[in-house]
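Summary of the model geometry
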Amino acid sequence: MSTFRRIAICSALAVFAVNSNKQMVMAAEALATSVALPSFPWNSSAPLPHVRIAVAANPAASQAVLTKLSRDRHDKVRESVARNPNLGDELKDRLAADVEQEVREAVLQRKVLPNRSILMRLTRDQQPTTYELLASNPNTPPDILRRLVNVPYQTEFLLLALARNPSSPPDVVTRLTKVGDRLVRTFLARQPKMSGEMLAILAQDGDLGVKSYVASNAATPADALDLLASDLSLVVRSTVASNRSTKPDSLAKLSRDKAWEVRAEVAGNPSTSKSVLELLARDTSYKVRFAAATNPSIPGVLLSALIKDKDPLVRSAVATNSKLDAAMMLELAGDNALGVAQIIASSPGISKEAEAKLLENKSYLVLSALAANKAISKETAIVLMANSAPEVRQALARASVVPDVLTKLSSEPSDLVREAVASNSNAPIDVLTSLEHDLSSRVLMALIGNPTTSPQTLLVLANEPDETLRLALLSRKDLPPEAMRHIAEQADQSMKIFLTFGENTSGDVLALLATDRDPGIRSAVAVKPALAAEIIGKLALDKDAVVRAAAAANPQIRSGQLDTLVKDEQSRVRRAVASNPSASAAVLSALAKDSDPVVRQYAARNENTPAEVLLDLADDNEFWIAPPSTRSKR
C-alpha cells in the first residue's frame, strides 16, 4: 500500500481515537472504505441488501419503518431490526419467534427480553445457542433459568452460563453443584458469595481442583474446612492451612503435618495461635521458619528470636515484618548477609541509628539501596554523595529530596548520574534548568520525561536537532504552543505525520499542516474536529478527492459546504457527506437518491435522515458484496 493510501486510511481511523460518537465512527468507515478498497473482485461473499440493513440499524428509524423491515424476506435485515436499540416490545416479541436462529439470538442478546410466554416457548426444542444466550442474560427471569437447568441439551457452555448468571436462584445453583461438569463446579467453588450449604456440598467433591478452590474460599464453613484438613491431597491440606477462616484447632492439627508445605502455610496464616507459632518458629525447615517470620500476627518476642536464626532468608523475612522495632532494625542493619542489610536500607521507617550502621557497610549494593531510600537524613545523603561508586551516586541522584545534594550531583562527570538528577521530580527548577544544554542526549531525554521541567526549558529543548528528543517533547501534554510550532516548522515528513495524529497537536499547527503539499497529510488533518471551520472549508475545495472526502467527514464543517459537496463527482466524497453527523435533512434526502448504493447506505445509517426518507430507503432493492474490511460490521 502506498504512503498516500496509508495516511488516508489512518486519517479515518484517527476519528476513532478522538471521538467515540457512533456517527463519527460511521464517517471514519466511509472515508476508510473510499480509499482502501481493493479492485474487484472482492473475496467471495453473498450479496446483501446493505441499504435496508442500514435503515434497520438506524436508531432514528420509526416503528413504522422497523415494522416494515421486520417482515423483510432477507434474514440479515430482520436481524438488524432485532438489534436496533429502539425496537418496540411488539416487534421484539415477534422477532423472538423468527424462523431464523440468528434473528432470535439477536433478540435474546438485548437487555430487555421478550415477554414471559415467549421465553417459555424458547425453552423448548431450540438450538443449544438459544439456551446459552438465555442462561447468560442477567435479565432472564428465575423461573426460566430453572427450566434451562433441566433442558435435554445441557452443554458445558449452558451450565457455565447458568453458574455465572447472578440471577440464578439458589435451587438452580444447588443443582449445578451436583450435575455441572468439572469446569462448572470449579467456578462455583471459587465464588465468595456462595452459600455455606453449597460449599459444604462441593467440599465432598471427588475432583481435586474443586476441593482446592473450596479450601481457599473464605466463605467455606469451618466444619467443611475441618473435613478438608484431613484430605489425602497435599494441595488441599495446604490450601486449608492458608485459609484465614480455618479454626485454630484445625490449624494446630495441620501444624504437625509431615509436609513442610502444609506447616509453612500454617506458619504464615494470621489466624494461627501464638502457641502454634512458637512451635513453628523452631521448625526444622527454614521455609517454615521463614513463613513464621513474615506472619503479621507473630508476637514481638518470637520475631526478636528469629533475628538470630542461622538462615539469612529467615532473617530477611524478619526484616520485612511490619512489627520490626528500632532495636531489631539496628541489629539487622549490621547483618553480614547483603540481602538482609539491603532490606533494612530500603525501609521507609529507617532510623538514624540504622543509617549510621549501614554507612559502615562496604558493599555498593547495600549503599545503593540506602541511597535510593527517600527517608534517609540529609547527613546520610551528604556522606553517600561522596561515595566512589557511581551506582551509589546515581541512586542518590534519582531519589534524593535534598537540594544541595542534587545541585552538587548535577555537575557530575558521569552522564548516568546527571541523567538521574534530570529525572528526579524533586529536583529544584534551577537545577533542572542548568541541565538543559547538557551534551548527553540521555540527560536531555530525562528532562523531557520529568513532569516538573519548566516550560522555558522545554522551549529550549525544542531547538535540539535530535528527532528522538522532538518526538518525546510532542508526547507532553503541557508542551508550550510556541515549542510545538517551532518543531512543526522544522519537521520532516515522518514528523509531520506524528504531529498530524498527535492528541496534543494545537490548532495553529494543524492549520500549518493543512497547507502541506502532501495530500496524505492534508487529508489526515482534514478530519480533525479541532481544526478551524475556515480551514476545513478550504480543504473541502481541495483538488484531491481524498482530502475533500476527509473534510466532508468532519462534523465541524459548515452546512453550506456540505451542500456543495453533495454534488461532488467523486462518490467517496458523497459517502463521507452522507456519514457526517452534521449533515442536514435536506442533504441526506438528496443523497438517499444517489446512484451509488454505498452513498445511500451511509445516508440510511445517518440518524439525521428524515423518517419519510428512511421509509423510502426501506424499499431499496440493491444487493451487493461488501468489501472485506466492512463485512464484520454488518
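So, a few notes on the structure that sits alongside this text.

Thresholds applied
- Residues numbered from 1 in each chain as written.
- Predicted model: local features only at pLDDT ≥ 70, side-chain atom pairs only at ≥ 80, totals over all residues.
- Heavy atoms only, no water.
- Helix = DSSP H or I, 4+ residues; strand = E, 2+ residues; numbered from the N terminus.
- Rg over C-alpha atoms; globule rule 2.2 N^0.38 Å.
- Areas by Shrake-Rupley, 256 points an atom, 1.4 Å probe, with all protein chains shown as cover.
- Lys, Arg positive; Asp, Glu negative; His and termini not counted.
- Charge placed at Lys NZ, Arg CZ, Asp CG, Glu CD.
- Salt bridge = Lys/Arg side-chain N within 4 Å of Asp/Glu carboxyl O.
- Buried < 20%, exposed > 50% of the residue type's maximum accessible area, 1.4 Å probe, protein only.
- Core = buried A, V, L, I, M, F, W, Y, C linked by side-chain atoms within 4.5 Å.
- Contact = heavy atoms within 4.5 Å.
- Patch = residues over 30% accessible without salt bridge, like charges linked within 9 Å, V, L, I, M, F, W, Y side chains within 5 Å.
- Polar contact = N/O pair within 3.5 Å; in protein donor to acceptor, adjacent residues only side chain to side chain.
- Axes fitted to C-alpha atoms, helices over the stretch in contact; angles between N-to-C directions.
- Parallel < 35°, antiparallel > 145°, perpendicular 65-115°, else oblique.
- Nonpolar A, V, L, I, M, F, W, Y, C, P; charged D, E, K, R; others polar.

1. Let's talk about the overall build of the protein
- Of regular secondary structure, the protein possesses 46 helices and zero strands.
- Compactness check: the protein gives a C-alpha radius of gyration of 35 Å against a globular reference of 26 Å for 634 residues, more than 25% above the reference.
- When its C-alpha atoms are laid out on the principal axes, the protein stretches across 90 × 75 × 35 Å.
- When the accessible surface of the protein is split by element, carbon and sulfur atoms take 53% of a total near 28,500 Å².
- Counting 75 positive and 71 negative side-chain charges, the protein places the averaged centre of each group 4 Å from the other.

2. Description of the pattern of salt bridges
- Under the counting rule described, the total for this entry stands at 31 salt bridges.
- One salt bridge connects K308 with E331, and the closest N-O pair in it is separated by 3.4 Å. Within this pair, whereas K308 is found in the loop between α22 (300–306) and α23 (312–320), its partner E331 is found in helix α24 (residues 326–333), the two being separated by 23 residues in sequence.
- Note on K308: relative accessible area 63%, which makes it exposed.

3. Digging into the nonpolar core
- L148, L176, L188, I344, L358, L396 and L499 are the most contacted members of the largest nonpolar core, which totals 190 residues.
- Broken down by element, the residue count for this core peaks at seven residues, all from helix α41 (residues 545–553).
- Apart from the residues within four sequence positions on either side, L176 is in contact with V149, L159, L162, A163, V184, R185 and L188.

4. Here we look at a nonpolar patch on the surface
- On the surface, Y286, F290 and L313 cluster together into a nonpolar patch covering about 250 Å² of accessible area.
- If you trace the backbone, L313 turns up in helix α23.
- By relative accessible area, which is 42% here, L313 ends up partly exposed.

5. Topic: the side chain of T609
- Along the chain, T609 falls in the loop between α45 (597–605) and α46 (611–617).
- We classify T609 as buried; its relative accessible area is 4%.
- Looking at T609, its side chain comes within polar contact range of the main-chain oxygen of A603, at 2.5 Å.
- Setting aside chain neighbours within four positions, we find T609 in contact with L588, A603 and L614.

6. Digging into the packing of α41 against helix α43 (residues 571–579)
- Remark: α41 packs on α43, axes separated minimally by 7 Å, with the N-to-C direction vectors making an angle of 10°. The angle between α41 and α43 falls in the class roughly parallel. Of α43, the residues touching α41 (which contributes A545, V546, R548, A549, A552 and A553) are R572, V573, A576 and V577.
- Taken together, the residues that form the contact of α41 with α43 break down as eight nonpolar, no polar and two charged.

7. Things to note about the side chain of K211
- As for its placement among the helices and strands, K211 is situated in helix α15 (residues 208–216).
- When sequence neighbours within four positions are dropped, the list of residues in contact with K211 reads L202, A203, D205, L228, D231 and V236.

8. Details of the packing of α43 against α45
- The interhelical angle for the contact between α43 and α45, taken along N-to-C directions, is 10°, at an axis separation of 8 Å. With respect to α45, the element α43 is oriented roughly parallel. Where α43 abuts α45, its residues S571, R574, R575, A578 and S579 lie against V598, V599, Y602 and A603.
- For the contact of α43 with α45, the class distribution of residues is five nonpolar, two polar and two charged.

Coordinates in, geometry out; function isn't part of it.
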